[in-house]
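Summary of the model geometry
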Amino acid sequence: MSQGKVQKIVQILRERGVRITPSRRTVVEAIVSANGHVTADEISEAVESKFPEIHLSTVYRTLDMLEDSGIVDHVHLGHGKAVYHLKNEMHRHLVCEKCSMVIEISEDVLAPLLNEVKEKWHFTLKGDHFALLGLCENCSKEFENH
Ligand SMILES: [Zn+2]
Ligand SMILES: [Zn+2]
Ligand SMILES: [Zn+2]
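The paragraphs below set out a description of the structure included in this document. Note that this is a predicted model, so its numbers are computed, not measured. (Residues numbered from 1 in each chain as written. Chains lettered and ligands numbered in written order. Predicted model: local features only at pLDDT ≥ 70, side-chain atom pairs only at ≥ 80, totals over all residues.)

**Notes on the pairing of strand 5 (residues 102-105)**
We count it as follows: Between any two strands, pairing holds if DSSP finds at least two bridges. In this description a helix means any DSSP run of H or I spanning at least four residues, a strand means any run of E spanning at least two, and both kinds are numbered starting from the N terminus.
Pairing geometry for strand 4 (residues 92-96) and strand 5, over 4 bridges, is antiparallel. Each residue of the ladder has a partner; that of H93, found in strand 5, is E104. Here strand 4 folds back onto strand 5, and the loop between the two strands holds 5 residues, one of which, S100, carries a positive phi near 65°.

**Topic: the sheet that holds strand 4**
Cut-off, in case you're wondering: Between the N-to-C directions of two axes lies an angle of 0 to 180 degrees, each axis being a line fitted to C-alpha atoms and, for a helix, fitted only over the stretch in contact.
One open sheet accounts for 3 strands, arranged 5-4-6; its pairing is mixed. For this open sheet the edge positions go to strand 5 and strand 6 (132-134), each flanked by a neighbour on one side alone. Put simply, the sheet's adjacent strands are angled 25° from each other on average, direction ignored. Taken together, the 3 bridges between strand 4 and strand 6 define a ladder with parallel strand orientation. Following the sheet pairing, V95 is matched in strand 6 by L133.

**Describing the sheet that holds strand 1 (residues 38-39)**
The strand order 1-3-2 describes an open sheet built from 3 strands, whose pairing is antiparallel. Only two strands of the sheet have a single neighbouring strand rather than two, namely strand 1 and strand 2 (72-76). Here strand 1 pairs with strand 3 (residues 82-86) via 2 bridges, running antiparallel. Counterpart to V38 in the pairing with strand 3 is Y84.

**Looking at the packing of helix 2 (residues 22-34) against helix 4 (residues 56-68)**
Using the following cut-off: Roughly parallel here means an angle under 35 degrees, roughly antiparallel means over 145, roughly perpendicular means 65 to 115, and every remaining angle is called oblique. Crossing handedness: left-handed means the near helix sits turned counterclockwise from the far one by under a right angle, and right-handed means the same turn made clockwise. Two residues form a contact once the distance between their C-beta atoms, set from the backbone, is within 7 Å. Charged residues are taken to be Asp, Glu, Lys and Arg, nonpolar residues to be Ala, Val, Leu, Ile, Met, Phe, Trp, Tyr, Cys and Pro, and polar residues to be all remaining types, Gly included.
Contact geometry of helix 2 with helix 4 gives a least axis separation of 10 Å together with a crossing angle of 65°. Put simply, helix 2 runs roughly perpendicular to helix 4. The two elements helix 2 and helix 4 cross, and the hand of that crossing is right-handed. Contact residues: S23, R24 and V27 in helix 2; T58, V59, T62 and L63 in helix 4. Looking at the contact of helix 2 with helix 4 residue by residue, the class counts come to 3 nonpolar, 3 polar and 1 charged.

**Looking at unusual backbone geometry**
We count it as follows: To sort residues by burial, count the other C-beta atoms lying within 10 Å of each one's C-beta; a count of 20 or more means buried, 12 or fewer means exposed, and anything in between means partly exposed. C-beta atoms are built from the backbone.
Look at S100: it is not a glycine, yet its phi comes out positive at around 65°. Tracing the backbone shows S100 in the loop between strand 4 and strand 5. A positive phi angle, near 50°, is found at H122, a position not held by glycine. Along the polypeptide, H122 turns up in the loop between helix 5 (111-121) and strand 6. With 7 C-beta atoms packed within 10 Å, H122 lands in the exposed category.

Structure (structure tokens):
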């Protein structure tokens with residue numbers, strides 16, 4: 001796990017006046033070490049293995065705090081639970097509906113669509129809250145063969 005990354009996040013939080021308790025630190029560590037996407041359940045398992053007395057609601061409150069601070073964000077990948085990821089690594093998600101594979105794409109890919117929707121319908125699409133669903137290469141091949 002990148003301790004440097006954890007340290008940097010802890011520092012940002014301290015500057016904002018957030019008290020860094022061991023459980024809060026463990027939540028940050030769990031997200032950083034997942035290096036991708038983790039559910040709240042997975043995060044609380046990681047916290048529980050170190051601090052069995054910590055309640056799931058504490059984990060959720062910490063996640064809310066981290067979201068409010070702009071450090072993490074959650075996204076809905078298909079029909080499953082929301083997953084959490086670090087916000088500084090901007091990307092969008094393509095999720096295969098059949099095998100649940102997640103492909104991360106650069107946020108610029110969606111920019112033309114977002115701009116067009118905004119220009120024509122004056123609607124600001126939030127491209128990052130839900131994944132785009134579809135079929136991955138393998139699954140669409142299977143589909144064609146049937
Ligand atoms: Zn949501
Ligand atoms: Zn993500
Ligand atoms: Zn697939």
